[in-house]
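Residue strings, one per chain:
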Amino acid sequence: VQLQASGGGFAQAGGYLRLSCAASGRTNSRTAMAWFRQAPGKERDFVAAINWNGGATYYADSVKGRFTISRDKAANRLYLQMDSLKPEDTAVYYCATGIPILSSYGFQSAYNSWGQGTKVTVSS
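Rules used in this analysis
Residues numbered from 1 in each chain as written. Predicted model: local features only at pLDDT ≥ 70, side-chain atom pairs only at ≥ 80, totals over all residues. Heavy atoms only, no water. Core = buried A, V, L, I, M, F, W, Y, C linked by side-chain atoms within 4.5 Å. Buried < 20%, exposed > 50% of the residue type's maximum accessible area, 1.4 Å probe, protein only. Helix = DSSP H or I, 4+ residues; strand = E, 2+ residues; numbered from the N terminus. Contact = heavy atoms within 4.5 Å. Salt bridge = Lys/Arg side-chain N within 4 Å of Asp/Glu carboxyl O. 1 Å grid on protein atoms, 1.4 Å probe; cavity = no way out; pocket = protein on both sides within 12 Å on 5 of 7 lines; lining within 4 Å. Points joined across faces, edges and corners; volume = space filled by probe spheres on them. Nonpolar A, V, L, I, M, F, W, Y, C, P; charged D, E, K, R; others polar.

Peer 1: What exactly am I supposed to notice about the nonpolar core here?
Peer 2: Ranked by internal contacts, the top residues of the largest apolar core, which has 34 residues, are Trp35, Leu80, Met82 and Tyr93. For this core, the secondary-structure elements that each account for two or more residues are strand S1 (2-6), strand S3 (17-24), strand S4 (32-38), strand S5 (44-50), strand S7 (67-72), strand S8 (77-82), strand S9 (91-98) and strand S11 (118-123). In this structure, tyrosine 93 is in contact with Leu19, Trp35, Phe36, Arg37, Val47, Phe67, Leu80, Met82, Gly117, Thr118 and Val120, ignoring residues within four places of it in sequence.

Peer 1: It is not clear to me how the pattern of salt bridges should be interpreted in this structure. Could you clarify?
Peer 2: Any two side chains of opposite charge can pair, given that their charged atoms come close. Applying the stated rule across the entire model yields 3 salt bridges. The salt bridge partner of arginine 37 is aspartate 89, with a shortest N-O separation of 2.9 Å. A residue pair is termed long-range when its members are at least 10 positions apart, and arginine 37 in strand S4 and aspartate 89 in the loop between S8 and S9 qualify at 52 residues. You can call aspartate 89 buried: its relative accessible area is 0%.

Peer 1: Explain the layout of surface pockets to me, please; I cannot follow it from the model alone.
Peer 2: Any space left empty among the atoms is revealed by the rolling of a water-sized probe across them. Roughly 260 Å³ of volume is contained in the largest pocket. Lining the largest pocket are 19 residues, and of these Val1, Thr27, Asn28, Thr31 and Thr97 lie nearest its centre. At the level of secondary structure, the elements contributing two or more residues to the lining of the largest pocket comprise S7, S9 and strand S10 (111-114). Along the lines of polarity and charge, the residues of the lining of the largest pocket split into 5 nonpolar, 9 polar and 5 charged.

Put into structure tokens, the structure is as follows:
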């Protein structure tokens, strides 16, 4: 499966952006999808994940209440609505897909396909 992330750009603090991730190729309808991000000089961190049917979502504490993950299975698309953006949200955002067990949605090792990343810059 190939993943293509888009929607990154510049925003002011308090603003919003919506990221999109398109899946193509041999997609599996039973896979979970997730967003991770990597800030300059830091390791890649978990942001949010959604299970295969959209019935369960998981968020990092740093984005809970501000970001919303969703998916359109028919269109093979994943979204991340980012509201109330903060300068610390500045990072390259990556989408990923895999079949994590219940306790591993936040771990990079649970995902076996990754997109190329889209850059988000939030100014204060």
